[in-house]
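Next come the chains, spelled out residue by residue.
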Amino acid sequence: MTDSPRPRDPRTALVDRWRDTLLAARSGAPGPDPLPYAENLLARWDEPQRRYHTTAHLTAVLDRIDTLAPYAADVQAVRLAAWFHDAVYRPDRTENEERSAALAERALPEAGVGAAVTAEVARLVRLTVTHDPAEGDGNGEVLCDADLAVLAGSPQEYAAYAAQVREEYGFVPDEAFRAGRADVLRQLLALPRLFRTPHGAEEWEARARHNLATELELLGSPSGPQ
């Protein structure tokens, strides 16, 4: 009887995924060693102010992109956008997506990625401000669905996610947090569709809306848009 193979360390797995994605996005063009870029990004995702926006979230988004890959026009650009979409994250600031996109615009050309892919990655990162891609924007639909899929978790998973978000905003008093969080939930529930890909619409939409409405009710607010 042979021993089962030991699972890879999650960080090593992420580095491998970054390398594979970056090399594919270069399309054969030369470039520097991918490892320092992976280390820089992972250091950002490991910053101490993060509770939800961590490497666990990054891994989950990448996994969901794998599931949704057939709907993307350029899945490597979408994967790169996942790496950068919360690379800059300060819960007390509002320009995180813009700063993350600007980081991609600086880092990717240096890493050997062409101008067109770099521009698409930056566009996708900025799209996560609203999670509202235009009709037919396959790349945007895949990234936004992958990022929002956490909303469709089991009750226990969703409760853990909501608790982590509250921890990230621990500097905000309870009353102000409840009001702000309720506004976010209402805005999400007001969207005609949370998920744009066929898989997301079928597998995640109903559960996500139930979870959002439940959290809104627990916050002491009505479960619909005002």
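An account of the accompanying structure is given in this report. What you see is a predicted model; the values in this text were computed from it and never measured.

1. Focus on helix 7 (residues 138-148)
Phase 1: Among the 11 residues that make up helix 7, 11 are buried, leaving the element largely enclosed by the rest of the structure.
Phase 2: Among the residues making up helix 7, those that are buried are Gly138, Asn139, Gly140, Glu141, Val142, Leu143, Cys144, Asp145, Ala146, Asp147 and Leu148.
Phase 3: On its buried face, helix 7 sits against helix 3 (55-68), helix 4 (75-84), helix 6 (115-127) and helix 10 (198-203).

2. Some details on the layout of surface pockets
Phase 1: Taken as a whole, the largest pocket spans an internal volume of roughly 1,100 Å³.
Phase 2: Around the largest pocket, the lining is made up of 34 residues, and of these Glu97, His131, Tyr169, Arg181 and Val184 lie nearest the centre.
Phase 3: Looking at the lining of the largest pocket, the elements with two or more residues in it are helix 5 (96-110), helix 7, helix 8 (155-168) and helix 9 (174-190).
Phase 4: For the lining of the largest pocket, the element with the most residues is helix 9, which contributes seven residues.
Phase 5: Its residues placed into classes, the lining of the largest pocket shows 16 nonpolar, 10 polar and eight charged.
Phase 6: As a volume, the second largest pocket reaches approximately 290 Å³.

3. A short note on helix 11 (residues 205-218)
Phase 1: The end-to-end C-alpha distance of helix 11, which contains 14 residues, comes to 20 Å, matching closely the 20 Å that a straight helix rising 1.5 Å per residue would cover.
Phase 2: Among all positions in helix 11, only Glu205, Ala208, Asn211, Leu212, Ala213, Glu215 and Leu216 are buried.
Phase 3: Packed against the buried residues of helix 11 are helix 8, helix 9 and helix 10.
Phase 4: Gly220, located one to two residues past helix 11, shows a positive phi value of around 85 degrees.

4. Considering the packing of aromatic side chains
Phase 1: Considering all chains together, one arrives at seven aromatic pairs under this definition.
Phase 2: Arranged with centres 5.3 Å apart and planes meeting at 65 degrees, the rings of Tyr158 and Tyr161 form a pair that is edge-to-face. Separated by three residues within a single helix, Tyr158 and Tyr161 lie in helix 8, roughly one turn from each other.
Phase 3: Using a relative accessible area of 5% as the deciding quantity, one classes Tyr158 as buried.

So, how was this worked out
- Residues numbered from 1 in each chain as written.
- Predicted model: local features only at pLDDT ≥ 70, side-chain atom pairs only at ≥ 80, totals over all residues.
- Heavy atoms only, no water.
- Buried < 20%, exposed > 50% of the residue type's maximum accessible area, 1.4 Å probe, protein only.
- Helix = DSSP H or I, 4+ residues; strand = E, 2+ residues; numbered from the N terminus.
- Contact = heavy atoms within 4.5 Å.
- 1 Å grid on protein atoms, 1.4 Å probe; cavity = no way out; pocket = protein on both sides within 12 Å on 5 of 7 lines; lining within 4 Å.
- Points joined across faces, edges and corners; volume = space filled by probe spheres on them.
- Nonpolar A, V, L, I, M, F, W, Y, C, P; charged D, E, K, R; others polar.
- Expected span 1.5 Å × (residues − 1).
- Phe/Tyr/Trp six-rings, centres within 6.5 Å; stacked < 30°, edge-to-face > 60°.

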